[in-house]
Amino acid sequence: MGAASPSSALPRAAAGGERTLGVSRGPRLALLGILAICQRAYLTLWRQPVLIISTMLFPVIYLLVLGNSLNRQLSHIPLAVVDEAGNSLSVESRRAVLALEGGRDLVTLAFPADREEALRDLRRGRYRGVWILPHGLSANGPGPAFIGDNTDRPSYDALDAALTDVWSDVTGRRRPAADPAHLEAYPYLDYLTYLGPAVVCLAIFMGSMVAGGLQVIEDRMYGYHEGYLVTPVSTGAIVTGHMIAGALVAGLAGAFVLLAIMLFTPLPMTTPEALGGGLVTVFLTALAISALWFLLFARARKTSVLRGMFGIINVLIFFPSGALYPVESYPKWLRVLSDIDPLTYGITALRDLLLRGSPVSSCYSEWMFLLTFTLVCGVLTQVLFRREV
Amino acid sequence: MNPIEADRLTRRFGKTVADDAISFSVRPGETYGLLGPNGAGKTTLVRMLTTLLAPTSGTARVAGYDVVHQKGKVRASIGTVSQAETTDENLSVRENLSIHGKMYGLWGKRLSQRIERRLRQVGLWEKRDQITRTLSGGMRRRLEIARGVLHSPHILFLDEPTTGLDPQSRRGVWEMLGDLKERDGSLAIILTTHAMDEANYLCDRVAILDQGRILCEDGPEALKRSLPTGEHVRIETERPIEAADRDAILALGAVNWRCPVPTSAEFEARPGEGIGRRAAQLVEERGYEILHLTISPVTLEDVFFAYTGRALREDS
C-alpha cells in the first residue's frame, strides 16, 4: 500500500488500530486461508459420523465381499457322469472322478441312469457338465465325451481340465519327458490380498468424492461459499485449500484402510518402509483425485450434477486403473484411459510396495505423475473457477 | 473520502436490467438503507459492491478501491452478512469465527481475543461451544453479524439482516447493531431491507429503490416530511363542520378534505408542521366538541406509496 492509501483517510475509532486492512497479504494470508478451509473440512467430517462410516467402511466391505466372491478357487460344481460302458475302464474312470469330489471338493457328483436325462437336466441348469462314458469305452476309442455348460466359463474350463487329467491318468498316457520348472517370484497371494492396494485407492476415491466434489457443490448450493468469496484470500488459495482439504480427508480414509489391510490380510510386506512409502502414495493419490473432482465440479451448482455423473466417473476412474484385473490385458483405447488415470499410478505404486516389497525409489515415477496431474488440474480449476455468485 | 461511491452502476441479466445507472454515496460512520420490494435490485447492487458480481457498466469505489480492479483490497475492507446463511451449521459458534478470521489473516491469540470480544458483543459468548445448527434463527443471525465484523471492517454490508426473524429477535438484532455502531463510530453500514420499520429504526439515510432505480434518498424523517400528504387526520365532532370552518382548516394547509359521514372529517397534511393539531384547536375554538381525534404519523410506507403509487408489500 502506498503512502496515499485511501484507507488512511478514513476516520478511525478508538479501537481503530486493530483494522485488518493491509495487515495480511500475500503468502501468509494464502496459507491461513488454506488452513481455514482444511480446518473446516476436517471438523465437518468429524461432526458427520455417517460420512466417516460410509467413507471408511465402504471400501472394507467392498474388499470383503468382492474379494471373497471373485476369482475364488472353484468348488462344488455339479457334474453328471453317465456310465454306458460298464467295463473296467469306466469303473476306474468313475473312481477317479469320485476322488475329485472327495479330495478338493471340485465337483458334486450325480450318476443319472441315461444320457437323455442327464442332458435334459444340464439344459435346466442342474449340472454344469455331463461326462459320458460311451459303450465300449477304451483307451484307443471311443473315449469319454464332455458336454459342458459354457455360459459359466470358469466352471466349464475347470471341469474340462480336470476331466482331461482324469482320462490321461486312467489310460496312463500322462508321462511327459521332463517336468518344466514353475517358480513363484513372491510368496503366495490370494485374490483378496491382491485386491488390497486397489481397495486403499477405492477408499481414497470415495473419500475425495464426499469431502472434495460433494462438499464443494454443497458449499456453493447452501451459500457457505459466499463466506469464502467475500474474503481477501486469493482464488488460487481457495482452490488449493479445497484440494488439500479434500486430499486430507480422502488420505485419512486411505491411510485407515491401508493400516487395516496391513494388519488383517496376509500382506507379504509390512515393513516400516512399505508403510511410509504407502502413506506418501496414499496422500499423493488423494491429492490427484481430489484435484480431479474439484476440476470436474469447478462450476457445478447442484448436487444433482454429481448424482448424475457419479456412476460414470466411478466406472471411468476405478475400472481402468487395473484395480481388479491387470492393465496389460486391456484393449488399446482402454489403456489410454488407464494411462491418464491417477488411480492407476496409486495402485501400481502400492502393489510394488506392499506385494512385491520394492524399494520406495521404484515409486518415484508414479509419485511424479500424481504430482503433475494435481498441478495440471489445479491450474485448470483456477481458470474455470468463478468468483462470482 | 466516502466509504462508498457508486457512479452509474448498472447490471443487466440478459434483457433484464437489475440495476439501472445507480449513483449514490455513503458517508463515514453512516448507516445507509436500500429500501425496496423484492426484485428492486438491492441484492444485485450489494453483490456488485462486495465484488461478487461484475457491473455491466458504471463504476464504484468501496473504501476508496475500485470494485472491479482492486477486488482484493475491497474485500479486505468490508464485512458482509449475506441473505444466505454462510456459517457452517455443523461447526460450533467459535469454530465458525475461527475459520472466518483466518481468511482475513487473523491468527492465534489476536484471533481468539477478537472472537471473544465479538461474541460478547452479540451476546453469544455463553453459547460459544454450541453447534450452530442448534441456535435459534435470531442467534444464528447475530453470529453471522459477529462474523461480518470480526476483522473490524470499515464497511459492513447487511443484506436483509432480519428477514425471517420473529419480532423479538428482530428487535434483538437491531439493538445489537445500534450497540455496534456506538462502539465503532467510523463503521459505515449499508443494509438492504423491505421492512419500513427497520429502515426507520436503523438508518441515517434511506434510498428507495424500485425497478433498478433510486427514486429518492434522504434521512427517514426528511423523506416523510417531504410528502405533502403524509399526515392523516380524522376529527369526529358532535355536529357537522360548517363550510366556513372547513375553509379555515384548508387554509392551514390541509388537503384531500372529505367527510365519509357528516360528523366525521378526514384530511391529509404535510407532516411535521402540526397542521392536524392546529386544525383540532381551531375546531374547538369555534365551539365544536371533539368526540374523537386521530393524527396518524406518516410512515416510510407512505413515502414508498407516494413515489411508486403502490404499497411496498404488494409484491413481496
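For the structure, check the block above.
Caption draft 1: Inspection of the overall build of chain A at higher detail. What chain A contains, in helices and strands, is 13 helices and 4 strands. Computed over C-alpha atoms, the radius of gyration of chain A comes to 31 Å, more than 25% over the 21 Å expected from 2.2 N^0.38 for 389 residues, which places it beyond the range of a compact globule. Dimensions of chain A, computed from C-alpha atoms along their principal axes, come out at roughly 115 × 45 × 35 Å. Here chain A holds 389 residues, and 49% of them are scored as buried. Looking at chain A alone, contacts between residues at least 24 apart form 76% of all its contacts between residues at least 6 apart.

Caption draft 2: Up close: the packing of aromatic side chains. Taken as a whole, this structure holds 13 aromatic pairs over all chains when the rule is applied. Ring centres of Y364 of chain A and W367 of chain A lie 5.8 Å apart, and the angle between their planes is 50 degrees; this geometry places the pair in the tilted category. Residue Y364 of chain A and its partner W367 of chain A are located together in helix α13 (residues 364–384), separated by 3 residues, close to a single helical turn. The exposure class of Y364 of chain A is partly exposed, given its relative accessible area of 48%. With relative accessibility at 13%, the residue W367 of chain A sits in the buried group. Arranged with centres 5.1 Å apart and planes meeting at 20 degrees, the rings of F24 of chain B and Y32 of chain B form a pair that is stacked. Both residues of the pair, F24 of chain B and Y32 of chain B, belong to the buried class.

Caption draft 3: Summary view of the interface of chain B and chain A. With 50 residues of chain B in contact, the opposing surface of chain A contributes 42 residues. With both sides pooled, the region where chain B packs onto chain A buries about 4200 Å², and carbon together with sulfur makes up 58% of that total. The largest contributions to the chain B side of the interface with chain A come from L52, M103 and H154 of chain B, which together make up 18% of the buried area. At the junction of chain B with chain A, the criterion picks out 3 salt bridges. Residue R47 of chain A pairs with E95 of chain B through a salt bridge whose shortest N-O separation is 2.7 Å.

Caption draft 4: Inspection of the sheet that holds strand β3 (residues 31–35) of chain B at higher detail. All names here are of chain B. Pairing in this open sheet of 6 strands is mixed, and the strands run β6-β7-β8-β3-β9-β10 from one edge to the other. Each having just a single partner strand, β6 (78–81) and β10 (213–218) make up the two edges of the open sheet. Between one strand and the next, the sheet's axes are offset by a mean angle of 15 degrees, whatever the strand orientation. Relative to β10, strand β9 (residues 205–210) runs antiparallel, the two sharing 5 bridges. Residue pairing for β10: D210 is matched across the bridge by R213.

Caption draft 5: Fine view of unusual backbone geometry. A cis geometry characterises the amide bond from G141 of chain A onward to P142 of chain A, with omega recorded as -5 degrees. Here P142 of chain A shows up in the loop between β3 (129–133) and β4 (145–148). Phi is positive for Q211 of chain B, close to 50 degrees, though the residue is something other than glycine. Tracing the backbone through its elements, the reader meets Q211 of chain B in the loop between β9 and β10.

Caption draft 6: Main features of the pairing of strand β12 (residues 255–261) of chain B. Residue and element names in this part refer to chain B. One ladder, built from 3 bridges, connects β12 with strand β13 (residues 264–269); its direction is antiparallel. Looking at the pairing, V255 lines up with E268 of β13. Joining the antiparallel neighbours β12 and β13 is a turn of 2 residues.

Caption draft 7: Quick look at helix α3 (residues 88–102) of chain A. Residue and element names in this part refer to chain A. Spanning 15 residues, α3 covers 21 Å between terminal C-alpha atoms, matching the ideal 21 Å at 1.5 Å per step. For α3, the complete set of buried residues consists of L89, S90, S93, V97 and L100. Around the axis of α3, the buried residues are gathered within 95 degrees of arc, so they sit on the same side. In α3, the exposed positions that point more than 90 degrees away from the buried face belong to S88, R95 and G102. Buried-residue contacts for α3 involve β1 (77–83), β2 (107–110), β3 and α5 (153–171).

Caption draft 8: Main features of the pattern of salt bridges. Residue and element names in this part refer to chain B. Under the criterion given, the structure shown has 31 salt bridges over all chains. As a salt-bridge pair, R170 and E198 come within 3.8 Å of each other at their nearest N and O atoms. Here R170, found in helix α6 (residues 167–183), pairs with E198, found in helix α7 (residues 196–202); they are 28 residues apart in sequence, far enough to count as distant. Exposure class is identical for R170 and E198. Each is buried. The residue K224 makes a salt bridge to E221 at a minimum N-O spacing of 3.0 Å. With K224 and E221 both in helix α8 (residues 220–225), this residue pair falls 3 residues apart, about one helical turn. Among the residues examined, E221 registers a relative accessible area of 43% and is labelled partly exposed.

What counts, and at which threshold
Residues numbered from 1 in each chain as written. Chains lettered and ligands numbered in written order. Predicted model: local features only at pLDDT ≥ 70, side-chain atom pairs only at ≥ 80, totals over all residues. Heavy atoms only, no water. Helix = DSSP H or I, 4+ residues; strand = E, 2+ residues; numbered from the N terminus. Rg over C-alpha atoms; globule rule 2.2 N^0.38 Å. Buried < 20%, exposed > 50% of the residue type's maximum accessible area, 1.4 Å probe, protein only. Contact = heavy atoms within 4.5 Å. Phe/Tyr/Trp six-rings, centres within 6.5 Å; stacked < 30°, edge-to-face > 60°. Buried area = accessible area lost by both parts, 1.4 Å probe. Salt bridge = Lys/Arg side-chain N within 4 Å of Asp/Glu carboxyl O. Pairing = 2+ DSSP bridges. Axes fitted to C-alpha atoms, helices over the stretch in contact; angles between N-to-C directions. Expected span 1.5 Å × (residues − 1). Arc of directions from axis to C-beta.

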